[in-house]
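A look at the structure
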Amino acid sequence: MVGNPFICKCGGLLEVVRPWKGIDSEKLKQLWDNRLSERMTVYASGVWRYKELIYPELPEPYITTKYEGNTGLYPTETIARYTGVRQLLLKAQSENPSGSFKDNGMTVAVSHGRSLGYERFTCTSTGNTSSSLAMYAALAGCTSVVYLPGNHISASKVRQTAAYGAELILFNGTYDDGIRFSRQYSEPLGQYVCNSMNPFRIEGQKSIVYEMAHQLRWELPDWIVVPGGALSNATALGKGLLELKQLGFIQKLPRVAVIQAEGASPFHRMVSLGDTSLIPEPQPMTIASALNIGNPPSWRKALHYIIGQLQGVTASVTDEEIMEAKGLIDRCGIGCEPASAAPVAGLKQLVRDGVVHPEETAACILTGHLLKDTEVIPYSYSPSPIDLSLEAVNGLLSRG
Ligand SMILES: *Cc1c(COP(=O)(O)O)cnc(C)c1O
């Protein structure tokens, strides 16, 4: 059997490590500022703008981009009050072209795969990774095959993936079963693997904090809070922050919190017990479909960066807490899918527990768009259509 190229002989995941020679942070900040006026070049992308820290040697012709990143960073008083911190920002990765932060990493993975000559791409996904992969593969004129667990995935994500022309393989089992399968067979099938074990996705996802730091003139809030499923985003956040500090782009490291959903929180359980080996959750179950992962592939990397290097914290929140926070984020006019509301719910808990101080500031990363997972959005409307008249409408409105 030919192994997966991203898995080490020891069974661990590989990662991109650079010697970082000749980085001049002041010169790069100037260059990146100048790139903010780029139009229709790869540097108009909110990922490739930071190419020097992401994939400096990749020749431009291989880059497949939809100008991903470039997402809003919104201060909101409502959510600051709700969570109990002095100032709160929402970083809306939901505004990416396929509707989730997966685009930040996927543009790099697909570009890397193309540079190696691949034309077939694959992933296992709870829905957003597959939407993103299918989009970039189609844009590059390539094909994609995606493995989707038959249960507990969002129909809107599956439809989006299908619409981009991906070949869908629906299987019996969980996300974790699909990961195990593609670890073994993607390479023999001639497919380039874009699961979160792909280290180039992690490199691309670092751009989320690069862009946030850039937007804030290189001074980050006290806390950055991110949801944890497969833990690739938490890993990228940690790696990206450490590089920014090490290379002199920021003076002070923020604290980091990773929020999991109860029912799919093996990482939080491990950390809170002070353990260093993860016990998978065999039957993960949460309303937040993007977090429905029982055996997070990147848990070792996340442990290394978030807990080991950054002394970060973890928490776990219930489906009810997630949906309450989501309703609030939606009504602020920003909106997100359930998984993305976990950080807001988690931050509230961390303030209540005294881990985060009310005088501190925080940014929560909104990972996915409101129009994902629409099945779970509660709404009310008149039980049956009415005949329009001022009286009838007034009657409905007066009911509040
Ligand atoms: C993938 C995803 C997550 C989880 O990120 P991981 O890197 O798997 O931990 C959270 N929210 C949304 C919307 C996602 O698509």
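Residues numbered from 1 in each chain as written. Predicted model: local features only at pLDDT ≥ 70, side-chain atom pairs only at ≥ 80, totals over all residues. Heavy atoms only, no water.

Looking now at helix H12 (residues 299-309). Buried within H12 are the following residues: Trp299, Lys301, Ala302, Leu303, Tyr305 and Ile306. Tucked into the core, H12 has its buried residues touching helix H8 (199-205), helix H10 (232-246), strand S8 (255-261) and helix H11 (266-272). In the stretch just after H12, Gln311 is the one whose phi turns positive, near 50 degrees. (Buried < 20%, exposed > 50% of the residue type's maximum accessible area, 1.4 Å probe, protein only. Helix = DSSP H or I, 4+ residues; strand = E, 2+ residues; numbered from the N terminus. Contact = heavy atoms within 4.5 Å.)

With that settled, the discussion passes to the pattern of salt bridges. Under the counting rule described, the total for this entry stands at 17 salt bridges. Its salt-bridge partner being Lys206, residue Glu203 comes within 2.6 Å of it at the nearest N-O pair. Note on Lys206: relative accessible area 0%, which makes it buried. Members of the salt-bridge network, linked through shared partners, are Glu203, Lys206, Lys239 and Glu243. (Salt bridge = Lys/Arg side-chain N within 4 Å of Asp/Glu carboxyl O.)

Okay, the sheet that holds strand S9 (residues 313-317) next. Taken in spatial order, the 6 strands line up as S1-S2-S10-S7-S8-S9 in an open sheet, and their pairing is mixed. Looking at which strands have only one partner, the edges of the open sheet turn out to be strand S1 (73-75) and S9. Averaged over all pairs of adjacent strands, the angle between their axes in this sheet comes to 25 degrees, without regard to strand direction. Sheet topology places strand S7 (residues 223-227) next to strand S10 (residues 361-366); 3 bridges connect them, and they run parallel. Its bridge partner being in S10, Trp223 is matched across the sheet by Ala362. The sheet contacts of helix H9 (residues 207-215) involve S1, strand S2 (87-92), S7 and S10, and relative to S2 the element is tilted by about 130 degrees. (Pairing = 2+ DSSP bridges. Axes fitted to C-alpha atoms, helices over the stretch in contact; angles between N-to-C directions.)

To continue, consider the UniProt feature "modified residue: N6-(pyridoxal phosphate)lysine" (unreviewed entry) in the protein chain. Sequence positions flagged by UniProt for "modified residue: N6-(pyridoxal phosphate)lysine" (unreviewed entry) are, in local numbering, Lys102. Within the element layout of this structure, Lys102 appears in helix H4 (residues 102-115). On the accessibility criterion, Lys102 (12% relative accessible area) is buried. Setting aside its immediate chain neighbours within four residues, Lys102 contacts Asn128, Thr129, Ser132 and Arg201. (UniProt positions renumbered as here; feature names shortened; annotations may be inferred.)

It is worth spelling out the site of the ligand at this point. Inspection of the region around the ligand gives 17 residues, with Lys102, Asn128, Leu231, Ser232 and Thr367 positioned closest. Note that an oxygen atom of the ligand is positioned 2.6 Å from one of the side-chain N or O atoms of Lys102. Contact between the ligand and Leu231: an oxygen atom at 2.7 Å from a main-chain N or O atom of the residue. Here the ligand has 380 Å² of accessible area as a free molecule, and 98% of this is covered by the chains. For the shell around the ligand, the residue count by class is 7 nonpolar, 8 polar and 2 charged. (Near = heavy atom within 4 Å. Polar contact = N/O pair within 3.5 Å; in protein donor to acceptor, adjacent residues only side chain to side chain. Areas by Shrake-Rupley, 256 points an atom, 1.4 Å probe, with all protein chains shown as cover. Nonpolar A, V, L, I, M, F, W, Y, C, P; charged D, E, K, R; others polar.)

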